[in-house]
Amino acid sequence: MIRMFAAVVALCAATPLAAQSAKETDCGYQADVVAAVQAARMERVRERQVVDHVAGTAPEWPEKYNAVVPLVTPWVYRMKMKELKSADLGEAWEELCLQQ
């Protein structure tokens, strides 16, 4: 009985850690996407070509994150180049994502 209780407690304690790890991974991939779009903007890639440009860099995130590229592109492209040069949008995105 004690072993069973210990196993249940260990499982319950591990579940939030696994969920937190999955969230950290997800936020990390999202941040990588945002950083890739920022890099494309810094390289003066036209906004209409960002999706193809980012895909051509052979990103290391899972394919489902490619859907994020067209969603964040307008946000990044509305920023002034001066702001982009001094900002780390990927890091900022990850920080905000982890807070949610």
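Residues numbered from 1 in each chain as written. Predicted model: local features only at pLDDT ≥ 70, side-chain atom pairs only at ≥ 80, totals over all residues. Heavy atoms only, no water.

A. Examining the overall build of the protein more closely. Helices and strands together make up the secondary structure of the protein, namely five helices and zero strands. The secondary structure elements of the protein, listed N-terminal to C-terminal, are α-α-α-α-α. Roughly 7,300 Å² of accessible area belongs to the protein as shown, and the carbon and sulfur atoms make up 58% of that amount. (Helix = DSSP H or I, 4+ residues; strand = E, 2+ residues; numbered from the N terminus. Areas by Shrake-Rupley, 256 points an atom, 1.4 Å probe, with all protein chains shown as cover.)

B. View of helix H3 (residues 69-77). Burial in H3 covers these residues: Val69, Val72, Thr73, Val76 and Tyr77. The buried residues of H3 all sit within an arc of 130 degrees when viewed along its axis, so they share a single face. (Buried < 20%, exposed > 50% of the residue type's maximum accessible area, 1.4 Å probe, protein only. Arc of directions from axis to C-beta.)

C. Structural detail: the nonpolar core. Of all hydrophobic cores here, the largest spans 19 residues; its most connected members are Val33, Val37, Val50 and Tyr77. Going through the elements one at a time, helix H1 (2-42), helix H2 (50-56), H3 and helix H4 (81-86) are the ones with two or more residues in this core. Here this core gets five residues from one element, more than from any other, and that element is H1. For Val50, the contacting residues outside a window of four places in its chain are Val37, Ala40, Val45, Val69, Thr73 and Tyr77. (Core = buried A, V, L, I, M, F, W, Y, C linked by side-chain atoms within 4.5 Å. Contact = heavy atoms within 4.5 Å.)

D. Here's a closer look at the packing of aromatic side chains. Within the structure shown, the criterion is met by two aromatic pairs. Here the aromatic rings of Tyr29 and Tyr65 are separated by 5.1 Å at their centres, their planes lie at 50 degrees, and the arrangement is tilted. Here the residue Tyr29 occupies a position in helix H1, and Tyr65 occupies one in the loop between H2 and H3, the gap between them amounting to 36 residues. For Tyr29, a relative accessible area of 24% translates into the label partly exposed. Taking the relative accessible area as the measure of exposure, Tyr65 reaches 7% and is therefore buried. Pairing Trp75 with Trp93 gives two aromatic rings, centres 5.8 Å apart and planes at 55 degrees, and the pair type is tilted. In this pair, Trp75 is assigned in helix H3 and Trp93 in helix H5 (residues 89-99), connecting sequence segments 18 residues apart. For Trp75, a relative accessible area of 34% puts it in the partly exposed group. (Phe/Tyr/Trp six-rings, centres within 6.5 Å; stacked < 30°, edge-to-face > 60°.)

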